[in-house]
Amino acid sequence: MRDVDAARKALTFFKVMAFVVGVGLLVLVVELVLEYFTAMSGPNNPLRWWPQPHGFIYMVYLVATANLGFKVGWSLPKMVGVMLAGCVPFLSFWVERKMATDVEARLAASSAEGPSVAA
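Residues numbered from 1 in each chain as written. Predicted model: local features only at pLDDT ≥ 70, side-chain atom pairs only at ≥ 80, totals over all residues. Heavy atoms only, no water.

(A) Looking closely at the overall build of the protein chain. Helices and strands together make up the secondary structure of the protein chain, namely 4 helices and 0 strands. Each helix and strand of the protein chain, ordered N terminal to C terminal, gives the series α-α-α-α. Radius of gyration (C-alpha) of the protein chain: 18 Å, far over the 14 Å computed for a compact globule of 119 residues. Seen through its principal axes, the protein chain has C-alpha atoms that stretch 60 × 20 × 20 Å. A buried classification covers 35% of the 119 residues belonging to the protein chain. Sequence separation of 24 or more characterises 66% of the internal contacts of the protein chain that already satisfy a separation of 6 or more. Summed over its atoms, the accessible surface of the protein chain is roughly 7200 Å², and 70% of this surface lies on carbon and sulfur atoms. Once the 10 positive and 8 negative side-chain charges of the protein chain are each reduced to a mean point, those two points are 3 Å apart. (Helix = DSSP H or I, 4+ residues; strand = E, 2+ residues; numbered from the N terminus. Rg over C-alpha atoms; globule rule 2.2 N^0.38 Å. Buried < 20%, exposed > 50% of the residue type's maximum accessible area, 1.4 Å probe, protein only. Contact = heavy atoms within 4.5 Å. Areas by Shrake-Rupley, 256 points an atom, 1.4 Å probe, with all protein chains shown as cover. Lys, Arg positive; Asp, Glu negative; His and termini not counted. Charge placed at Lys NZ, Arg CZ, Asp CG, Glu CD.)

This is the structure we're talking about:
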């Protein structure tokens, strides 16, 4: 890893966005249940405004994932898999923890090797 500090910042951004998207996805599920399975559809649904902001937040999560993935050298299929995990309720929390643990271990190993000089 060439720039450990940049990777640490990217990891922090990824962790925050993964949490926000995970919670936002749970809110979206509640909105969908209210819309399609209760009498609170349309203007009676208090969360009818949520899908559009959630979509924007998910796009920021995609950027955070790509940013981290490029900085730590993930393969494209791995990046896409992590991105898609943000579409499945609760899976985003598990994948975020698994990826964060892996990246933190790699960052610790890179720090232990000493500073590297960028070419």
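Back to the text.
(B) Local environment of the nonpolar core. In this structure, Leu11, Phe14, Tyr61, Leu68, Trp74, Val82 and Val103 are the most contacted members of the largest nonpolar core, which totals 28 residues. Elements that contribute at least two residues to this core include exactly helix H1 (4-37), helix H2 (51-72), helix H3 (76-85) and helix H4 (91-113). It is H1 that provides the largest number of residues to this core, a total of 10 residues. If we skip the residues at most four places from it in the chain, leucine 11 touches Leu68, Ala100, Val103, Glu104 and Leu107. (Core = buried A, V, L, I, M, F, W, Y, C linked by side-chain atoms within 4.5 Å.)

(C) Focus on the packing of H3 against H4. Packing of H3 against H4 leaves a shortest axis separation of 8 Å and a crossing angle of 140°. For the pair formed by H3 and H4, the contact residues are Lys78, Val82 and Ala85 on the first element and Leu91, Ser92, Val95, Met99 and Asp102 on the second. Among the residues making up the contact of H3 with H4, the classes are represented as 5 nonpolar, 1 polar and 2 charged. (Axes fitted to C-alpha atoms, helices over the stretch in contact; angles between N-to-C directions. Nonpolar A, V, L, I, M, F, W, Y, C, P; charged D, E, K, R; others polar.)

(D) A nonpolar patch on the surface, seen in detail. A cluster of nonpolar side chains, contributed by Val29, Leu32, Val33, Tyr36 and Phe37, occupies part of the molecular surface with about 520 Å² of accessible area. Of note, valine 33 is situated in helix H1. Its relative accessible area of 38% is what places valine 33 among the partly exposed residues. (Patch = residues over 30% accessible without salt bridge, like charges linked within 9 Å, V, L, I, M, F, W, Y side chains within 5 Å. Salt bridge = Lys/Arg side-chain N within 4 Å of Asp/Glu carboxyl O.)

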